[in-house]
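Architecture at a glance
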Amino acid sequence: MHATSRAIVTNQPGPHQDLARRVARALTHPLKKPIAEHTRQAFAEAEAWRKTRPQPLILDAGCGVGLSTRRLAHQFPDHAVIGIDRSADRLSRDHGELPDNALLVRADLVDFWRLALAAGWQPARQYLLYPNPYPKAAHLKMRWHGHPVFPAILALGGRLELRSNWRLYVEEFALATEQATGTPLRVEAHQPDNDFLTPFERKYHDSGQSLWRLAVDLPWAPALLPTA
Ligand SMILES: C[S@@+](CC[C@H](N)C(=O)[O-])C[C@H]1O[C@@H](n2cnc3c(N)ncnc32)[C@H](O)[C@@H]1O
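Everything quoted here is computed from the prediction, not taken from an experiment.

On a plain count of helices and strands, the chain comes out with eight helices and seven strands. Relative to the globule expectation of 17 Å for 228 residues, the C-alpha radius of gyration of the chain, 17 Å, shows essentially globular dimensions. Counting only C-alpha atoms, the chain reaches 50 × 50 × 30 Å along its principal axes. Looking at the chain as a whole, 40% of its 228 residues qualify as buried. Here the contacts in the chain between residues at least 6 apart in sequence split such that 75% fall between residues at least 24 apart.

This is the structure in structure tokens:
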């Protein structure tokens, strides 16, 4: 299949100069944004579902149409997989029946991650598949590693896998994770071998773009979250 997804265009020559400062700030200043009521409600429903499935948990953050959530549920039949996305439109598209060990949740991740940590969730795996890149330098704070919620993602722990068609995004995420955890990390090329986990993965690959990934094993570390 031929696809024509445009390659990322950025005004950054390398990792953002403000990255280390933003990560340091996120690690020392609590995120004060109040939790939105709709995500609190969505989390309560996810928590009720989770209680009926005590097997190891996988979070598929920013799951889009939920194809990856379905695939992961098939790939890990002894895990419970929760796909989270804020787009009702994407979540409602028909991509086949949802396996019994999968759940799709409409929620804002900035709130969902914090609620999950507060509830003591300890996912075995976390996936961040092709997050919005926000490639302009001015938008660093919208990338997950430049966002004040970043410590909560790391604190949840488990095997975290990030994939992107923008190498710099993955490199910055690796630098931010190294800064927070002290663990040296390596960004790798990702070869999907015609086994695409998400529609974006397929689209970028079919457009001839290179794909990148970072995989890191993180301990459950709620102390990473700054207190007031
Ligand atoms: C580029 S798409 C990738 C979707 C999917 N992972 C894939 O690879 O096909 C990024 C997704 O992240 C979701 N997203 C971005 N910010 C979010 C947030 N704060 N809370 C929940 N979902 C968010 C968007 O709605 C979108 O579906």
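Quick look at helix α3 (residues 67-75) now. Along α3, the residues that are buried comprise L67, S68, T69, R70, L72 and A73. Its buried side turned inward, α3 meets β1 (57-61), β2 (80-85), β3 (102-106), β4 (125-129) and α8 (199-206).

With respect to the helices, strands and loops of the structure, R53 is situated in the loop between α2 (37-51) and β1. Judged by local crowding, R53 falls into the partly exposed class, with 16 C-beta atoms found within 10 Å. Along the backbone, R53 and A80 are 27 residues apart, and their C-alpha atoms lie at a distance of 6.5 Å. Once residues within four sequence positions are removed from consideration, R53 is found in contact with A80 and N101.

What counts and how
- Residues numbered from 1 in each chain as written.
- Predicted model: local features only at pLDDT ≥ 70, side-chain atom pairs only at ≥ 80, totals over all residues.
- Helix = DSSP H or I, 4+ residues; strand = E, 2+ residues; numbered from the N terminus.
- Rg over C-alpha atoms; globule rule 2.2 N^0.38 Å.
- Buried ≥ 20, exposed ≤ 12 C-beta atoms within 10 Å, placed from the backbone.
- Contact = placed C-beta atoms within 7 Å.

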